[in-house]
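Observations on the three-dimensional arrangement
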Amino acid sequence: MDGIFFYWLSWMGWIVTTFLMPKTLRRWKVAAIILISILLSGMNMHMAQFSCSYTALFLVGVACVYASGYSRFQQLYYVIVCGIIIIAYAGFCLLELYDPVWIFIDRKWILTGLILYICFMVIKDAEKRFAALILGVVGGDFLYAVVIRDIASYEVGSLRTLDVLATAVGAMFIWEMLVYFSAYLDLYVLKSHRQKQSTYK
């Protein structure tokens, strides 16, 4: 069922954000973004030959506002990275359309792995990865819709696409938590080692 991963992971993200994150302005912003994304997921905007979900438009707006705080050089690099993700996403969707026999694994997991690989290879900052991922996936979905507009109607940012986006964001969040706990564990082990050395002296 399309959308199950999006709703499930979104509600999990909202619970983690609301009850486990420190009470800061950032917490309220993240919680509000998640809730608004869930609320808008059932509504679409129709324009010319295209149909687009309000959730996709909202997330793109949030990512653009976040990216507006970068320097000019960072914004140029950001555009290049998003372009790479857009082409990779649209290219995979076209391969799936024209030669589906090659797709023997669920598209959601292949797209998630492909997008995460690109993000981790070219972006070091975690928050920038999240923003680039959103712009890349929605942009790739729009490019795919443009290419096939004469063949079939296509909804940009559908629940199927939001499943991919939510899975990628969830995997990225889990990775960042593992990095954080690994750094914390290293610091704890180093501290214990120093305490033992001071005791022996």
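Residues numbered from 1 in each chain as written. Predicted model: local features only at pLDDT ≥ 70, side-chain atom pairs only at ≥ 80, totals over all residues. Heavy atoms only, no water.

- Under an unreviewed UniProt entry, the name given to the protein chain is Putative membrane protein, and the organism recorded is Priestia megaterium.

**Digging into the overall build of the protein chain**
- The helix and strand inventory of the protein chain stands at seven helices and three strands.
- Mapped from its N terminus to its C terminus, the protein chain presents α and β elements in the order α-α-β-β-α-α-α-α-β-α.
- Its C-alpha atoms give the protein chain principal-axis dimensions of about 80 × 40 × 35 Å.
- Evaluated residue by residue, the protein chain yields a buried proportion of 35% over its 201 residues. (Helix = DSSP H or I, 4+ residues; strand = E, 2+ residues; numbered from the N terminus. Buried < 20%, exposed > 50% of the residue type's maximum accessible area, 1.4 Å probe, protein only.)

**Notes on the nonpolar core**
- Judged by nonpolar contacts, the single largest core of 39 residues is most densely connected at Y78, I85, Y89, I115, A132, L133 and L165.
- For this core, the secondary structure elements donating two or more residues are α3 (54-67), α4 (72-98), α5 (107-122), α6 (126-147) and α7 (159-200).
- Considering each element in turn, this core owes the most residues, nine residues, to α6.
- Here I115 is in contact with I85, Y89, L133, V137 and V164, once residues within four sequence places are set aside. (Core = buried A, V, L, I, M, F, W, Y, C linked by side-chain atoms within 4.5 Å. Contact = heavy atoms within 4.5 Å.)

**Description of the packing of α3 against α6**
- For the pair α3 and α6, the least separation of the axes is 9 Å and the interaxial angle reads 140 degrees. Compared by their axis directions, α3 and α6 come out oblique. As for the relative orientation of α3 and α6, their crossing is left-handed in sense. Each of A56, L59, V60, A63, C64 and Y66 in α3 lies in contact with α6, whose residues at this interface are E127, K128, A131, I134, L135 and V138.
- Of the residues that constitute the contact of α3 with α6, the class distribution is ten nonpolar, no polar and two charged. (Axes fitted to C-alpha atoms, helices over the stretch in contact; angles between N-to-C directions. Parallel < 35°, antiparallel > 145°, perpendicular 65-115°, else oblique. Left-handed = near helix turned anticlockwise from the far one by under 90°. Nonpolar A, V, L, I, M, F, W, Y, C, P; charged D, E, K, R; others polar.)

**A closer look at the environment of S53**
- The residue S53 is located in strand β2 (residues 50-53) in this model.
- The exposure class assigned to S53 is buried, which follows from its relative accessible area of 0%.
- C-alpha separation for the pair S53 and G157, spaced 104 residues apart in sequence, amounts to 5.4 Å.
- Excluding its chain neighbours within four sequence positions, the residues that come into contact with S53 are M43, N44, E155, V156 and G157.

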